[in-house]
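One letter stands for each residue in the lines below.
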Amino acid sequence: MGNKTSITKLHSVNNRLSSSIALLLAASAGACSVLAFAPFGWWPVQLLTLALMFGITARDCTIRRSALLGWAYGFGWMACGVYWLYISMHRYGGMPAWMAALAVVLFAAGLGAFTALAMGGTAWLRQRWHAAPAMTLLMLAPAAWALTEWLRGWVFTGFPWIVSGYAHTGSPLAGFAPLIGVYGIGWLAAILAGCLALLPHDRRGLLLAMVILGTGYGLKSIDWTEAHGQPISVRLLQGNVPQEIKFDSEQLGATLGLYYDLIRQAPADLIATPETAIPLLPHQLPPDYLELLAGFARQSHSHLALGIPVSDGPQQYSNAVMVFPQQPAAGMPPYRYEKHHLVPFGEFIPTGFRWFVDMLRIPLGDQTSGATLQMPFAVKDQWILPNICYEDLFGEEIANQLAASYFSGAPQASILLNMSNIAWFGDSLALPQHLQISQMRTLETGRPMLRATNTGMTAIINPKGKVTAQLPPLQHAALAASVQGYQGATPYILFGNSLIVGMTALILALAWLLQRKTRRNSHNADKNR
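Now for a description of the structure that goes with this document. (Residues numbered from 1 in each chain as written. Predicted model: local features only at pLDDT ≥ 70, side-chain atom pairs only at ≥ 80, totals over all residues. Heavy atoms only, no water.)

## With respect to the packing of aromatic side chains
- Applying the stated rule across the entire model yields 15 aromatic pairs.
- Ring centres 6.3 Å apart and planes at 75 degrees place the aromatic pair Tyr73 and Trp145 in the edge-to-face group. With Tyr73 in helix α3 (residues 63-81) and Trp145 in helix α6 (residues 133-152), this residue pair connects regions lying 72 residues apart in the sequence. Trp145 matches Tyr73 in its accessibility class, with the two residues each being buried.
- Among the aromatic residues, those joined into a cluster by ring pairs are Phe54, Tyr73, Trp77 and Trp145.
- The ring of Trp77 carries Arg152 above its face, with NZ or CZ at 5.4 Å from the centroid.
- Taking the ring centre of Phe247 as reference, the NZ or CZ of Lys246 above it sits at 5.8 Å. (Phe/Tyr/Trp six-rings, centres within 6.5 Å; stacked < 30°, edge-to-face > 60°. Helix = DSSP H or I, 4+ residues; strand = E, 2+ residues; numbered from the N terminus. Buried < 20%, exposed > 50% of the residue type's maximum accessible area, 1.4 Å probe, protein only. Lys NZ or Arg CZ within 6 Å of the ring centre and 35° of its normal.)

What follows is the structure in C-alpha coordinates.
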(Lines give C-alpha, C1' and ligand atoms only; values in the text may rest on other atoms or scores of the structure.)
Protein backbone atom coordinates (compact mmCIF):
# COMPACT_ATOMS: atom_id res chain seq x y z
CA MET A 1 0.00 0.00 0.00
CA GLY A 2 2.88 2.34 0.88
CA ASN A 3 4.55 1.72 -2.50
CA LYS A 4 1.30 2.44 -4.38
CA THR A 5 0.85 5.70 -2.45
CA SER A 6 4.40 6.74 -3.24
CA ILE A 7 3.97 5.95 -6.93
CA THR A 8 0.70 7.94 -7.03
CA LYS A 9 2.38 10.93 -5.39
CA LEU A 10 5.29 10.68 -7.83
CA HIS A 11 2.90 10.65 -10.80
CA SER A 12 1.11 13.68 -9.36
CA VAL A 13 4.38 15.57 -8.94
CA ASN A 14 5.46 14.63 -12.49
CA ASN A 15 2.12 15.80 -13.91
CA ARG A 16 2.38 19.14 -12.13
CA LEU A 17 5.97 19.53 -13.31
CA SER A 18 4.97 18.66 -16.87
CA SER A 19 2.10 21.16 -16.77
CA SER A 20 4.39 23.89 -15.43
CA ILE A 21 6.94 23.26 -18.18
CA ALA A 22 4.20 23.28 -20.81
CA LEU A 23 2.86 26.62 -19.50
CA LEU A 24 6.38 28.07 -19.48
CA LEU A 25 6.97 26.93 -23.05
CA ALA A 26 3.62 28.39 -24.17
CA ALA A 27 4.38 31.73 -22.49
CA SER A 28 7.85 31.72 -24.07
CA ALA A 29 6.34 31.03 -27.49
CA GLY A 30 3.97 33.97 -27.01
CA ALA A 31 6.86 36.20 -25.96
CA CYS A 32 8.85 35.16 -29.04
CA SER A 33 5.91 36.06 -31.29
CA VAL A 34 6.61 39.75 -30.58
CA LEU A 35 9.63 39.35 -32.88
CA ALA A 36 7.16 39.07 -35.77
CA PHE A 37 6.13 42.72 -35.33
CA ALA A 38 7.98 45.98 -35.91
CA PRO A 39 10.78 46.82 -35.54
CA PHE A 40 11.95 43.23 -36.04
CA GLY A 41 9.58 42.10 -38.78
CA TRP A 42 10.36 38.37 -38.53
CA TRP A 43 6.79 37.38 -39.42
CA PRO A 44 7.56 33.64 -39.93
CA VAL A 45 8.25 33.47 -36.15
CA GLN A 46 4.56 34.10 -35.56
CA LEU A 47 3.57 31.21 -37.80
CA LEU A 48 5.96 28.86 -36.02
CA THR A 49 4.79 29.78 -32.52
CA LEU A 50 1.13 29.58 -33.52
CA ALA A 51 1.77 26.21 -35.18
CA LEU A 52 3.14 24.98 -31.86
CA MET A 53 0.00 26.13 -30.03
CA PHE A 54 -2.39 24.73 -32.63
CA GLY A 55 -0.55 21.42 -32.74
CA ILE A 56 -1.07 20.94 -29.02
CA THR A 57 -4.77 21.80 -29.26
CA ALA A 58 -5.33 19.44 -32.21
CA ARG A 59 -4.10 16.50 -30.15
CA ASP A 60 -6.09 14.79 -27.43
CA CYS A 61 -5.81 17.78 -25.11
CA THR A 62 -8.56 18.65 -22.63
CA ILE A 63 -10.54 21.85 -22.94
CA ARG A 64 -9.16 23.15 -19.66
CA ARG A 65 -5.56 22.40 -20.60
CA SER A 66 -5.97 23.96 -24.05
CA ALA A 67 -7.46 27.12 -22.56
CA LEU A 68 -4.68 27.33 -19.96
CA LEU A 69 -1.95 26.92 -22.57
CA GLY A 70 -3.68 29.47 -24.78
CA TRP A 71 -3.80 31.89 -21.87
CA ALA A 72 -0.08 31.40 -21.21
CA TYR A 73 0.69 32.10 -24.88
CA GLY A 74 -1.43 35.26 -24.81
CA PHE A 75 0.10 36.39 -21.53
CA GLY A 76 3.66 36.08 -22.86
CA TRP A 77 2.67 37.82 -26.09
CA MET A 78 0.99 40.76 -24.37
CA ALA A 79 3.46 41.14 -21.49
CA CYS A 80 6.37 41.48 -23.93
CA GLY A 81 4.36 43.36 -26.54
CA VAL A 82 3.00 46.15 -24.33
CA TYR A 83 5.60 46.24 -21.53
CA TRP A 84 6.01 49.95 -22.35
CA LEU A 85 2.84 50.72 -20.41
CA TYR A 86 5.10 50.45 -17.37
CA ILE A 87 7.04 53.49 -18.63
CA SER A 88 3.93 55.65 -18.86
CA MET A 89 2.61 54.62 -15.46
CA HIS A 90 5.88 54.72 -13.50
CA ARG A 91 8.24 57.19 -15.19
CA TYR A 92 5.64 59.75 -16.26
CA GLY A 93 2.58 58.85 -14.21
CA GLY A 94 4.40 58.73 -10.89
CA MET A 95 3.04 55.31 -9.90
CA PRO A 96 5.28 53.20 -7.65
CA ALA A 97 7.41 50.76 -9.67
CA TRP A 98 5.92 47.64 -8.07
CA MET A 99 2.38 48.81 -8.71
CA ALA A 100 3.09 49.78 -12.33
CA ALA A 101 4.70 46.38 -12.95
CA LEU A 102 1.75 44.62 -11.32
CA ALA A 103 -0.68 46.64 -13.45
CA VAL A 104 1.11 45.52 -16.64
CA VAL A 105 1.09 41.88 -15.47
CA LEU A 106 -2.63 42.02 -14.64
CA PHE A 107 -3.41 43.73 -17.94
CA ALA A 108 -1.47 41.09 -19.90
CA ALA A 109 -3.20 38.36 -17.90
CA GLY A 110 -6.59 39.83 -18.77
CA LEU A 111 -5.75 40.06 -22.47
CA GLY A 112 -4.56 36.45 -22.33
CA ALA A 113 -8.20 35.50 -21.74
CA PHE A 114 -8.87 36.07 -25.45
CA THR A 115 -6.27 33.49 -26.56
CA ALA A 116 -7.54 31.18 -23.81
CA LEU A 117 -11.01 31.49 -25.32
CA ALA A 118 -9.64 30.73 -28.80
CA MET A 119 -7.73 27.62 -27.76
CA GLY A 120 -10.31 26.39 -25.28
CA GLY A 121 -13.10 26.96 -27.80
CA THR A 122 -11.17 25.03 -30.44
CA ALA A 123 -10.71 22.07 -28.09
CA TRP A 124 -14.39 22.16 -27.15
CA LEU A 125 -15.48 22.08 -30.80
CA ARG A 126 -12.94 19.35 -31.59
CA GLN A 127 -14.31 17.14 -28.83
CA ARG A 128 -17.96 17.91 -29.47
CA TRP A 129 -17.72 17.36 -33.23
CA HIS A 130 -15.08 14.59 -33.10
CA ALA A 131 -13.12 16.67 -35.60
CA ALA A 132 -10.12 15.21 -37.38
CA PRO A 133 -6.75 17.03 -37.08
CA ALA A 134 -7.10 18.59 -40.56
CA MET A 135 -10.48 20.11 -39.71
CA THR A 136 -9.23 21.29 -36.32
CA LEU A 137 -6.08 22.92 -37.67
CA LEU A 138 -7.39 24.40 -40.91
CA MET A 139 -10.95 25.35 -39.98
CA LEU A 140 -11.73 25.39 -36.26
CA ALA A 141 -8.57 26.89 -34.77
CA PRO A 142 -8.13 29.68 -37.37
CA ALA A 143 -11.80 30.66 -37.13
CA ALA A 144 -11.70 30.74 -33.32
CA TRP A 145 -8.44 32.71 -33.45
CA ALA A 146 -9.86 35.36 -35.81
CA LEU A 147 -13.12 35.76 -33.89
CA THR A 148 -11.41 36.23 -30.53
CA GLU A 149 -8.99 38.77 -32.00
CA TRP A 150 -11.97 40.65 -33.38
CA LEU A 151 -13.58 40.50 -29.93
CA ARG A 152 -10.42 41.99 -28.41
CA GLY A 153 -10.88 44.91 -30.79
CA TRP A 154 -14.17 46.07 -29.25
CA VAL A 155 -14.90 44.44 -25.88
CA PHE A 156 -14.55 47.09 -23.12
CA THR A 157 -13.93 49.68 -25.92
CA GLY A 158 -11.22 47.43 -27.38
CA PHE A 159 -7.45 47.07 -27.28
CA PRO A 160 -6.35 45.67 -30.68
CA TRP A 161 -2.65 46.54 -30.26
CA ILE A 162 -0.36 44.04 -32.07
CA VAL A 163 -3.17 41.72 -33.11
CA SER A 164 -1.56 39.05 -35.25
CA GLY A 165 -2.37 40.59 -38.64
CA TYR A 166 -0.12 43.60 -38.01
CA ALA A 167 2.94 41.37 -38.28
CA HIS A 168 2.26 41.00 -42.02
CA THR A 169 2.48 44.55 -43.37
CA GLY A 170 5.63 43.35 -45.17
CA SER A 171 4.64 39.73 -45.90
CA PRO A 172 2.71 38.35 -48.90
CA LEU A 173 -0.44 38.40 -46.75
CA ALA A 174 -0.45 42.22 -46.95
CA GLY A 175 -2.17 41.84 -50.33
CA PHE A 176 -5.34 40.71 -48.53
CA ALA A 177 -5.60 43.88 -46.38
CA PRO A 178 -7.84 45.85 -48.80
CA LEU A 179 -10.28 42.92 -48.81
CA ILE A 180 -10.51 41.57 -45.27
CA GLY A 181 -8.45 43.91 -43.11
CA VAL A 182 -6.10 43.16 -40.26
CA TYR A 183 -8.34 40.51 -38.64
CA GLY A 184 -8.68 38.70 -41.96
CA ILE A 185 -4.90 38.63 -42.31
CA GLY A 186 -4.70 37.23 -38.78
CA TRP A 187 -7.12 34.49 -39.84
CA LEU A 188 -4.97 33.62 -42.88
CA ALA A 189 -1.84 33.60 -40.71
CA ALA A 190 -3.62 31.14 -38.41
CA ILE A 191 -4.45 28.91 -41.39
CA LEU A 192 -0.76 28.97 -42.40
CA ALA A 193 0.16 28.01 -38.84
CA GLY A 194 -2.37 25.15 -39.06
CA CYS A 195 -0.72 24.00 -42.30
CA LEU A 196 2.66 23.91 -40.53
CA ALA A 197 1.24 21.96 -37.60
CA LEU A 198 -0.37 19.48 -39.99
CA LEU A 199 2.74 19.06 -42.14
CA PRO A 200 4.28 16.05 -40.29
CA HIS A 201 1.07 14.06 -40.87
CA ASP A 202 -0.45 15.49 -44.07
CA ARG A 203 1.48 17.32 -46.80
CA ARG A 204 -1.69 18.67 -48.43
CA GLY A 205 -1.46 21.63 -46.06
CA LEU A 206 1.73 22.68 -47.85
CA LEU A 207 -0.20 23.19 -51.09
CA LEU A 208 -2.84 25.29 -49.30
CA ALA A 209 -0.11 27.45 -47.74
CA MET A 210 1.48 28.02 -51.14
CA VAL A 211 -1.89 29.02 -52.63
CA ILE A 212 -2.56 31.54 -49.83
CA LEU A 213 0.90 33.11 -50.03
CA GLY A 214 0.86 33.17 -53.84
CA THR A 215 -2.59 34.78 -53.91
CA GLY A 216 -1.53 37.42 -51.40
CA TYR A 217 1.54 38.22 -53.45
CA GLY A 218 -0.60 38.58 -56.59
CA LEU A 219 -3.15 40.82 -54.83
CA LYS A 220 -0.39 43.30 -54.00
CA SER A 221 -0.30 44.34 -57.66
CA ILE A 222 -3.98 45.41 -57.68
CA ASP A 223 -4.67 49.14 -57.29
CA TRP A 224 -7.99 49.47 -55.47
CA THR A 225 -7.88 53.28 -55.45
CA GLU A 226 -6.66 55.87 -57.91
CA ALA A 227 -4.76 59.15 -57.74
CA HIS A 228 -6.99 62.17 -57.15
CA GLY A 229 -6.13 65.77 -57.97
CA GLN A 230 -2.68 67.28 -57.68
CA PRO A 231 -0.10 66.47 -55.00
CA ILE A 232 0.14 68.85 -52.05
CA SER A 233 3.19 69.98 -50.12
CA VAL A 234 3.24 68.96 -46.46
CA ARG A 235 5.36 69.74 -43.41
CA LEU A 236 5.00 67.37 -40.45
CA LEU A 237 6.41 68.77 -37.22
CA GLN A 238 8.19 66.74 -34.55
CA GLY A 239 8.78 68.96 -31.53
CA ASN A 240 10.43 66.25 -29.38
CA VAL A 241 9.14 67.81 -26.17
CA PRO A 242 9.99 65.42 -23.29
CA GLN A 243 6.84 64.11 -21.63
CA GLU A 244 8.06 65.05 -18.15
CA ILE A 245 8.04 68.76 -19.09
CA LYS A 246 5.18 68.82 -21.60
CA PHE A 247 2.62 69.98 -19.01
CA ASP A 248 5.09 71.66 -16.63
CA SER A 249 3.81 75.19 -16.04
CA GLU A 250 7.37 76.54 -15.98
CA GLN A 251 8.08 75.03 -19.42
CA LEU A 252 4.85 75.96 -21.20
CA GLY A 253 6.27 79.21 -22.52
CA ALA A 254 9.20 77.39 -24.09
CA THR A 255 6.85 74.82 -25.69
CA LEU A 256 4.63 77.53 -27.16
CA GLY A 257 7.69 79.32 -28.53
CA LEU A 258 9.12 76.12 -29.97
CA TYR A 259 6.01 75.35 -32.02
CA TYR A 260 5.49 78.99 -32.96
CA ASP A 261 8.96 79.04 -34.52
CA LEU A 262 8.68 75.58 -36.05
CA ILE A 263 5.35 76.37 -37.71
CA ARG A 264 6.62 79.65 -39.17
CA GLN A 265 9.90 78.27 -40.52
CA ALA A 266 8.42 77.58 -43.96
CA PRO A 267 5.03 77.52 -45.68
CA ALA A 268 3.35 74.40 -47.06
CA ASP A 269 -0.08 73.45 -48.34
CA LEU A 270 -0.49 71.51 -45.08
CA ILE A 271 1.47 71.96 -41.87
CA ALA A 272 0.60 69.47 -39.12
CA THR A 273 1.70 69.40 -35.48
CA PRO A 274 1.53 66.40 -33.13
CA GLU A 275 -1.37 65.65 -30.79
CA THR A 276 -1.73 68.35 -28.06
CA ALA A 277 1.38 70.11 -29.36
CA ILE A 278 -0.25 73.14 -27.70
CA PRO A 279 -0.99 71.73 -24.21
CA LEU A 280 -3.29 74.57 -23.14
CA LEU A 281 -6.93 75.36 -23.86
CA PRO A 282 -7.38 78.27 -26.29
CA HIS A 283 -8.55 80.70 -23.58
CA GLN A 284 -5.42 79.90 -21.54
CA LEU A 285 -3.07 80.96 -24.34
CA PRO A 286 -1.59 84.45 -24.77
CA PRO A 287 -4.35 86.59 -26.36
CA ASP A 288 -2.72 86.86 -29.80
CA TYR A 289 -1.08 83.42 -30.04
CA LEU A 290 -3.64 81.62 -32.20
CA GLU A 291 -4.33 84.74 -34.26
CA LEU A 292 -0.64 85.08 -35.11
CA LEU A 293 -0.54 81.45 -36.27
CA ALA A 294 -3.75 81.91 -38.25
CA GLY A 295 -2.31 85.06 -39.79
CA PHE A 296 0.80 83.20 -40.90
CA ALA A 297 -1.38 80.48 -42.45
CA ARG A 298 -3.40 83.10 -44.37
CA GLN A 299 -0.41 85.08 -45.57
CA SER A 300 1.57 82.01 -46.66
CA HIS A 301 -1.47 80.24 -48.19
CA SER A 302 -0.87 77.34 -45.80
CA HIS A 303 -3.30 75.17 -43.88
CA LEU A 304 -2.23 74.58 -40.28
CA ALA A 305 -3.57 71.48 -38.48
CA LEU A 306 -2.91 72.24 -34.83
CA GLY A 307 -3.14 69.67 -32.05
CA ILE A 308 -4.78 71.41 -29.08
CA PRO A 309 -7.35 70.61 -26.36
CA VAL A 310 -10.61 72.54 -26.64
CA SER A 311 -13.46 73.23 -24.24
CA ASP A 312 -17.17 73.87 -24.78
CA GLY A 313 -18.13 74.30 -21.17
CA PRO A 314 -17.04 73.91 -17.55
CA GLN A 315 -15.25 70.59 -16.93
CA GLN A 316 -15.75 69.63 -20.60
CA TYR A 317 -12.77 69.38 -22.88
CA SER A 318 -11.77 67.36 -25.91
CA ASN A 319 -8.55 66.27 -27.56
CA ALA A 320 -8.83 68.11 -30.86
CA VAL A 321 -7.35 69.25 -34.17
CA MET A 322 -8.03 72.84 -35.21
CA VAL A 323 -7.31 73.87 -38.78
CA PHE A 324 -6.36 77.43 -39.74
CA PRO A 325 -7.44 79.29 -41.82
CA GLN A 326 -10.04 76.76 -42.96
CA GLN A 327 -13.36 78.62 -42.61
CA PRO A 328 -16.44 77.25 -44.46
CA ALA A 329 -18.19 80.61 -44.37
CA ALA A 330 -17.63 84.10 -43.05
CA GLY A 331 -17.94 84.26 -39.30
CA MET A 332 -17.71 80.48 -38.85
CA PRO A 333 -15.10 79.05 -36.48
CA PRO A 334 -12.11 77.09 -37.80
CA TYR A 335 -12.52 73.43 -38.72
CA ARG A 336 -12.34 71.21 -35.68
CA TYR A 337 -11.91 67.46 -35.34
CA GLU A 338 -12.44 65.95 -31.88
CA LYS A 339 -11.06 62.59 -30.81
CA HIS A 340 -13.91 60.11 -30.37
CA HIS A 341 -12.25 56.80 -29.44
CA LEU A 342 -10.69 57.61 -26.09
CA VAL A 343 -8.01 55.68 -24.21
CA PRO A 344 -9.31 54.01 -21.03
CA PHE A 345 -7.60 55.38 -17.89
CA GLY A 346 -5.64 57.90 -20.00
CA GLU A 347 -8.50 59.88 -21.55
CA PHE A 348 -11.62 58.61 -19.83
CA ILE A 349 -12.17 57.02 -16.45
CA PRO A 350 -13.92 53.62 -16.37
CA THR A 351 -16.50 53.26 -13.62
CA GLY A 352 -14.86 52.52 -10.28
CA PHE A 353 -11.30 53.39 -11.34
CA ARG A 354 -11.02 57.08 -10.49
CA TRP A 355 -8.64 56.20 -7.63
CA PHE A 356 -6.32 54.50 -10.14
CA VAL A 357 -6.38 57.42 -12.59
CA ASP A 358 -5.82 59.92 -9.77
CA MET A 359 -2.64 58.04 -8.84
CA LEU A 360 -1.29 58.43 -12.38
CA ARG A 361 -1.54 62.22 -12.36
CA ILE A 362 -2.41 62.29 -16.08
CA PRO A 363 -3.27 65.77 -17.43
CA LEU A 364 -6.49 66.03 -19.44
CA GLY A 365 -7.49 62.61 -18.14
CA ASP A 366 -11.30 62.79 -18.30
CA GLN A 367 -12.27 63.95 -21.77
CA THR A 368 -15.42 64.37 -23.83
CA SER A 369 -15.73 62.15 -26.87
CA GLY A 370 -16.28 63.64 -30.33
CA ALA A 371 -18.74 62.41 -32.95
CA THR A 372 -18.13 59.00 -34.52
CA LEU A 373 -18.46 60.40 -38.06
CA GLN A 374 -16.67 63.67 -38.79
CA MET A 375 -16.00 65.46 -42.06
CA PRO A 376 -12.55 65.80 -43.63
CA PHE A 377 -11.14 69.24 -44.40
CA ALA A 378 -9.98 70.56 -47.76
CA VAL A 379 -6.44 71.44 -48.78
CA LYS A 380 -6.57 72.60 -52.38
CA ASP A 381 -8.23 69.67 -54.19
CA GLN A 382 -7.32 67.09 -51.53
CA TRP A 383 -9.48 66.16 -48.53
CA ILE A 384 -7.72 65.34 -45.26
CA LEU A 385 -9.28 63.06 -42.62
CA PRO A 386 -7.59 63.37 -39.19
CA ASN A 387 -7.37 60.76 -36.48
CA ILE A 388 -5.65 61.27 -33.16
CA CYS A 389 -3.07 58.81 -31.80
CA TYR A 390 -4.87 55.70 -30.48
CA GLU A 391 -7.73 56.07 -32.97
CA ASP A 392 -5.80 54.55 -35.85
CA LEU A 393 -5.89 51.17 -34.07
CA PHE A 394 -9.52 50.91 -35.09
CA GLY A 395 -9.46 50.34 -38.83
CA GLU A 396 -13.18 49.76 -39.19
CA GLU A 397 -13.96 53.14 -37.65
CA ILE A 398 -11.76 54.89 -40.21
CA ALA A 399 -13.27 52.73 -42.96
CA ASN A 400 -16.77 53.67 -41.76
CA GLN A 401 -15.98 57.37 -42.10
CA LEU A 402 -14.73 56.82 -45.64
CA ALA A 403 -17.74 54.64 -46.50
CA ALA A 404 -20.18 57.26 -45.17
CA SER A 405 -18.74 59.83 -47.58
CA TYR A 406 -18.67 57.30 -50.42
CA PHE A 407 -22.36 56.41 -50.09
CA SER A 408 -23.64 59.91 -49.30
CA GLY A 409 -21.77 61.71 -52.05
CA ALA A 410 -20.08 63.99 -49.50
CA PRO A 411 -16.41 64.94 -49.98
CA GLN A 412 -14.36 61.79 -49.73
CA ALA A 413 -11.06 61.87 -47.83
CA SER A 414 -8.04 61.32 -50.06
CA ILE A 415 -5.31 61.53 -47.39
CA LEU A 416 -5.32 60.28 -43.78
CA LEU A 417 -3.59 62.28 -41.04
CA ASN A 418 -2.55 60.80 -37.71
CA MET A 419 -1.42 63.23 -35.00
CA SER A 420 0.14 61.47 -32.01
CA ASN A 421 2.08 61.96 -28.81
CA ILE A 422 3.70 58.65 -27.86
CA ALA A 423 6.28 60.32 -25.63
CA TRP A 424 4.38 58.62 -22.78
CA PHE A 425 6.18 55.39 -23.72
CA GLY A 426 9.74 56.65 -24.05
CA ASP A 427 12.09 55.14 -26.62
CA SER A 428 10.30 51.77 -26.66
CA LEU A 429 8.73 49.30 -29.06
CA ALA A 430 5.52 51.35 -28.91
CA LEU A 431 6.93 53.76 -31.50
CA PRO A 432 7.64 51.32 -34.36
CA GLN A 433 4.58 49.26 -33.45
CA HIS A 434 2.37 52.32 -33.87
CA LEU A 435 3.98 53.11 -37.22
CA GLN A 436 3.17 49.57 -38.36
CA ILE A 437 -0.45 50.05 -37.30
CA SER A 438 -0.65 53.12 -39.55
CA GLN A 439 0.87 51.09 -42.39
CA MET A 440 -2.00 48.61 -42.07
CA ARG A 441 -4.54 51.45 -42.27
CA THR A 442 -3.07 52.58 -45.59
CA LEU A 443 -3.23 49.03 -46.95
CA GLU A 444 -6.87 48.65 -45.89
CA THR A 445 -8.03 51.98 -47.31
CA GLY A 446 -5.72 52.50 -50.30
CA ARG A 447 -4.82 56.00 -49.08
CA PRO A 448 -1.60 57.62 -47.87
CA MET A 449 -1.16 58.37 -44.19
CA LEU A 450 0.68 61.37 -42.77
CA ARG A 451 2.01 60.94 -39.23
CA ALA A 452 2.96 63.98 -37.15
CA THR A 453 4.30 62.85 -33.77
CA ASN A 454 5.99 64.48 -30.80
CA THR A 455 8.94 62.09 -30.42
CA GLY A 456 8.50 59.59 -33.33
CA MET A 457 7.64 57.99 -35.69
CA THR A 458 6.88 61.02 -37.88
CA ALA A 459 6.48 59.60 -41.38
CA ILE A 460 4.67 59.48 -44.70
CA ILE A 461 3.21 56.15 -45.79
CA ASN A 462 1.98 55.50 -49.33
CA PRO A 463 -1.24 53.60 -50.21
CA LYS A 464 0.74 50.34 -50.48
CA GLY A 465 1.88 50.54 -46.87
CA LYS A 466 5.44 51.61 -47.66
CA VAL A 467 7.14 54.30 -45.58
CA THR A 468 8.39 56.80 -48.18
CA ALA A 469 9.81 59.42 -45.79
CA GLN A 470 10.54 59.41 -42.07
CA LEU A 471 12.25 61.49 -39.38
CA PRO A 472 14.62 59.85 -36.89
CA PRO A 473 12.89 59.51 -33.52
CA LEU A 474 13.72 61.71 -30.56
CA GLN A 475 14.84 64.63 -32.70
CA HIS A 476 13.48 68.15 -33.11
CA ALA A 477 12.76 68.45 -36.84
CA ALA A 478 10.20 68.88 -39.62
CA LEU A 479 9.48 66.43 -42.44
CA ALA A 480 8.76 68.11 -45.78
CA ALA A 481 7.46 66.23 -48.81
CA SER A 482 4.94 66.19 -51.63
CA VAL A 483 2.00 63.81 -51.19
CA GLN A 484 -0.48 62.53 -53.76
CA GLY A 485 -4.02 61.87 -52.59
CA TYR A 486 -6.09 58.83 -53.60
CA GLN A 487 -9.82 58.18 -53.78
CA GLY A 488 -12.02 55.18 -54.37
CA ALA A 489 -13.30 52.33 -52.21
CA THR A 490 -11.58 49.10 -51.25
CA PRO A 491 -13.79 46.15 -50.27
CA TYR A 492 -12.69 46.74 -46.68
CA ILE A 493 -14.00 50.32 -46.79
CA LEU A 494 -17.37 49.09 -48.06
CA PHE A 495 -17.81 46.10 -45.75
CA GLY A 496 -15.38 46.57 -42.87
CA ASN A 497 -14.92 43.62 -40.53
CA SER A 498 -18.27 42.09 -41.48
CA LEU A 499 -16.55 40.13 -44.28
CA ILE A 500 -14.12 38.29 -42.02
CA VAL A 501 -16.69 37.77 -39.26
CA GLY A 502 -19.14 36.36 -41.80
CA MET A 503 -16.47 34.17 -43.41
CA THR A 504 -15.38 32.62 -40.12
CA ALA A 505 -19.01 32.00 -39.14
CA LEU A 506 -19.60 30.26 -42.48
CA ILE A 507 -16.48 28.14 -42.02
CA LEU A 508 -17.66 26.99 -38.61
CA ALA A 509 -21.08 26.20 -40.09
CA LEU A 510 -19.40 24.23 -42.89
CA ALA A 511 -17.28 22.32 -40.39
CA TRP A 512 -20.44 21.41 -38.46
CA LEU A 513 -22.13 20.16 -41.64
CA LEU A 514 -19.07 18.15 -42.62
CA GLN A 515 -18.85 16.45 -39.24
CA ARG A 516 -22.57 15.63 -39.35
CA LYS A 517 -22.14 14.09 -42.78
CA THR A 518 -19.13 12.09 -41.62
CA ARG A 519 -20.95 10.79 -38.56
CA ARG A 520 -24.03 9.92 -40.63
CA ASN A 521 -21.93 8.01 -43.17
CA SER A 522 -20.14 6.20 -40.37
CA HIS A 523 -23.46 5.29 -38.75
CA ASN A 524 -24.85 3.95 -42.06
CA ALA A 525 -21.71 1.91 -42.63
CA ASP A 526 -22.05 0.33 -39.19
CA LYS A 527 -25.69 -0.55 -39.91
CA ASN A 528 -24.79 -2.25 -43.19
CA ARG A 529 -22.19 -4.51 -41.63
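Structure's up, so let's keep going.
## Quick look at the pattern of salt bridges
- Taken as a whole, this structure holds nine salt bridges when the rule is applied.
- The salt bridge involving Arg298 is made with Glu291; its shortest N-O contact spans 2.6 Å.
- Under the relative-accessibility criterion, Glu291 is labelled partly exposed at 47%. (Salt bridge = Lys/Arg side-chain N within 4 Å of Asp/Glu carboxyl O.)

## Looking at helix α11 (residues 289-299)
- Those residues of α11 that sit buried are Tyr289, Leu290, Leu293, Ala294, Gly295, Phe296 and Ala297.
- Residues of α11 that are buried sit in contact with α10 (252-264), β2 (270-272), β3 (303-313) and β4 (316-324).
- Of the residues one or two after α11, His301 is the one with positive phi, at around 55 degrees. (Contact = heavy atoms within 4.5 Å.)

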